[in-house]
Amino acid sequence: MPSVYIKTYGCQMNERDSEAVAAQLAAKGYTIAASEAVADVILLNTCSVRDMAEQKAIGKMQNIAADVRRNRPDVVLGFLGCMAQSRGRQLIDQLPDVDLVLGTQKFHRAAEYLDELLAGRREKIIDTESESGSEATIKEHLLLGRRDGAAGPVSAFVSIMQGCNQHCTFCIVPFTRGEERSRAIPDIVAECRQLAENGVKEITLLGQIVTSYGRREIPAREGRSGFVQLLAAVHEIEGLERIRFTSPHPKGYGDDLVAAYGELPKLCESAHLPAQSGSDRMLKAMHRGYTREKYLGLIGKLRRVQPGIGITTDIIVGFPGETEEDFDLTLSLAREAQFDNAYVFKYSPRQDTPAAAMPGQAPRGLKEERHARLLEEINAIGKRRYQERVGQTMQILVEGPSKRGPRWTGRTRCNKIVLFDGSERHRGRLMDVRIERAGLFTLYGDPAILNPD
Ligand code: SF4
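Residues numbered from 1 in each chain as written. Predicted model: local features only at pLDDT ≥ 70, side-chain atom pairs only at ≥ 80, totals over all residues. Heavy atoms only, no water.

Each strand in a sheet pairs with its neighbour through backbone hydrogen bonds, running either in the same direction (parallel) or in the opposite one (antiparallel). Strands sit in the order S15-S16-S17-S19-S18 around a closed barrel of five strands; the barrel is mixed. Here the strands of the sheet are splayed against their neighbours by 50° on average, with no regard to which way each runs. Bridge count between strand S18 (residues 430–439) and strand S19 (residues 442–446): five bridges; the pairing is antiparallel. Among the inter-strand pairings, Gly439 is bridged to a residue of S19, identified as Thr442. (Pairing = 2+ DSSP bridges. Helix = DSSP H or I, 4+ residues; strand = E, 2+ residues; numbered from the N terminus. Axes fitted to C-alpha atoms, helices over the stretch in contact; angles between N-to-C directions.)

Moving on, we come to the site of the ligand. Residues in close proximity to the ligand include Cys164, Gln166, His167, Cys168, Phe170, Cys171, Val173, Pro174, Gln208, Ile209, His249 and Arg288, which together make up its full environment. Partitioning the shell around the ligand into residue classes produces seven nonpolar, four polar and one charged. (Near = heavy atom within 4 Å. Nonpolar A, V, L, I, M, F, W, Y, C, P; charged D, E, K, R; others polar.)

Before going further, it helps to examine the packing of helix H7 (residues 185–197) against helix H8 (residues 226–235). For the pair H7 and H8, interaxial distance at closest approach is 10 Å and the crossing angle is 35°. In the packing of H7 onto H8, the handedness of the crossing is right-handed. Together, Ile185, Ile188, Val189 and Cys192 of H7 and Gly226, Gln229, Leu230, Ala233 and Val234 of H8 make up the contact between the two elements. For the contact of H7 with H8, the per-class residue count stands at seven nonpolar, two polar and no charged. (Left-handed = near helix turned anticlockwise from the far one by under 90°. Contact = heavy atoms within 4.5 Å.)

The next thing to look at is the packing of helix H1 (residues 12–27) against helix H5 (residues 110–118). Between H1 and H5, the shortest axis-to-axis distance is 9 Å and the interhelical angle comes to 60°. Accordingly, the angle class assigned to the pair H1 and H5 is oblique. Handedness of the crossing formed by H1 with H5: right-handed. Where H1 abuts H5, its residues Val21, Gln24 and Leu25 lie against Ala110, Ala111 and Leu114. (Parallel < 35°, antiparallel > 145°, perpendicular 65-115°, else oblique.)

Attention now goes to the pattern of salt bridges. Side chains that differ in charge, positive against negative, can pair when their charged atoms come close. Within this structure, the stated rule accounts for 42 salt bridges. Between Glu191 and Arg16 there is a salt bridge, with the nearest N and O atoms lying 3.7 Å from each other. Here the residue Glu191 occupies a position in helix H7, and Arg16 occupies one in helix H1, the gap between them amounting to 175 residues. For the pair formed by Glu191 and Arg16, the shared burial category is buried. Residues Arg413 and Glu269 are paired through a salt bridge, measuring 2.9 Å at the closest nitrogen-oxygen approach. Linking Arg413 in the loop between strand S16 (408–412) and strand S17 (417–420) with Glu269 in the loop between helix H9 (255–263) and strand S12 (270–272), this pair joins segments that are 144 residues apart in sequence. Exposure remark for Arg413: the relative accessible area of 17% places this residue in the buried category. For Glu269, a relative accessible area of 16% puts it in the buried group. Ionic contacts of the salt-bridge type, sharing partners, join the residues Arg16, Glu19, Lys139, Arg183, Asp187 and Glu191 into one network. (Salt bridge = Lys/Arg side-chain N within 4 Å of Asp/Glu carboxyl O. Buried < 20%, exposed > 50% of the residue type's maximum accessible area, 1.4 Å probe, protein only.)

On their own, these measurements won't tell you what the molecule is for.
Structure, rendered in C-alpha cells:
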C-alpha cells in the first residue's frame, strides 16, 4: 500500500484535521511515512490566517515539486485545508505539479480521491464545495487504530464544530471554514468515551468559536447553553480526568459557562480568551462584540470562581488605524488582566476581509516596534506569574519525555508545562509535584517527595 506524509501549518484545528485524514488513510491500509523523502503521497494541510503561513506552504510545495518530479514522478502532491479552500484552482494554475486541492469540508474524501489519483483514473482533483454534515466527519483518531501495543497519547483533541459567524473584520476563517455547524452531543460523547476507554485522560474540545457550539441546534436547558450541556455530558465519562476547550470567544462566556468552572471538577481551570486589543475603538473596528470593560469584567468573574485559573490571550498589534493611544490601552489591558501568556500577532491583511481595505494600514516597522514592546510587557508579567507558583504543589498530567532534553513533561490544570526528572513509569499519571523553580513559561517540579514509589 502507498505511504503518506502530511505536513501541517497553523492551529490545533488543522493538527486535528490532519490526524483525522491520517487515521482515515491508515484505516484504508496506507502507512504513515516518517518524512516526505519516502512518501508516495505528500499533503500540505494549510493555514490562511496570516500571509506568511500561506507563503511558507507555497514555498514548501515548490521545493517538494522540484525535487519529487525530477526523481519520483509518480508521487501525488496535494494541498488541504484553509488555503486550499480560499485559493482552489489558483493553486494548480500557480503550481501545475499539484494533483489534489481539498477544501475544509472535504477532508473525509481524501482516501477516495487519492485512490483515483494513484490508480491514474483522474489527473487532477479540486474539491472545495460545501458539504452538509461535514462537521461530523472529523472523528477518526490515529491512536484508536494502533496495533503496535505502544503507549498512546494521554490527551486528545475532539472537533465539536466547524465555522464561525462572528465575522471579525481581520479574519479569513468565516470564508475558509464557512458558517457555524455543530455536531450532536451524543456523537461527541461517544467519540470522547472511546478515547477514554483507550487510555486518554484529557480531552480538548475544538472549534473556531466553541462558545457558539449548538447555538442554533440545541435549546438552552435550565439556564445552560448547548456548550455547557456538552461540557456536562463529557464530564460524565468514566476514566476521563480533564476537560479543556479552545478557542472560545469572550462574548460567548455566559454566566453558565463561568459557573461551570466551579461545578464541573474535570473542567480545568484555564481559559484562552482572545482579547485582540485593549482599545474600545479598535475592538469596534474589529467587530469583536465586547468592550474592554466587559472583557476585564469577565476575567474578574473567572478569577472569583477559580482564583488559580491560568488565563492566556491573543492580541493583534498594528490593526488599521491603531494610534499610539490605542496601543497604550492594549499595554494597560495586559497589565490589568495579568495574563499568564499571550500570542502577539502583527496585523496581516487578508484578501476579501473588511480590514484589508480600511484606511490607516500600519507600516511594517511600526507593527514590529509595537510587537516587541508588547511582548516585553507580556514576558515580564508571565515571568512574575510563573515565579509566584514556586513552592506550590500542583497536579500534573504526565505527557511523556520532553522533546528538548532528558526531562519529562507534564501539564498543570492551569495549562502550564512542568519539567521534571521522570521515566516511563510516570507516563499518563496524574500526580502532584512541588514547583522548585520557574523559567520563562516553564515550571520545574519535583515529584519525589509527594509520590513515593
Ligand atoms: S471569532 Fe475567531 S474565528 Fe471567528 S471571525 Fe473572529 S477571529 Fe475569526
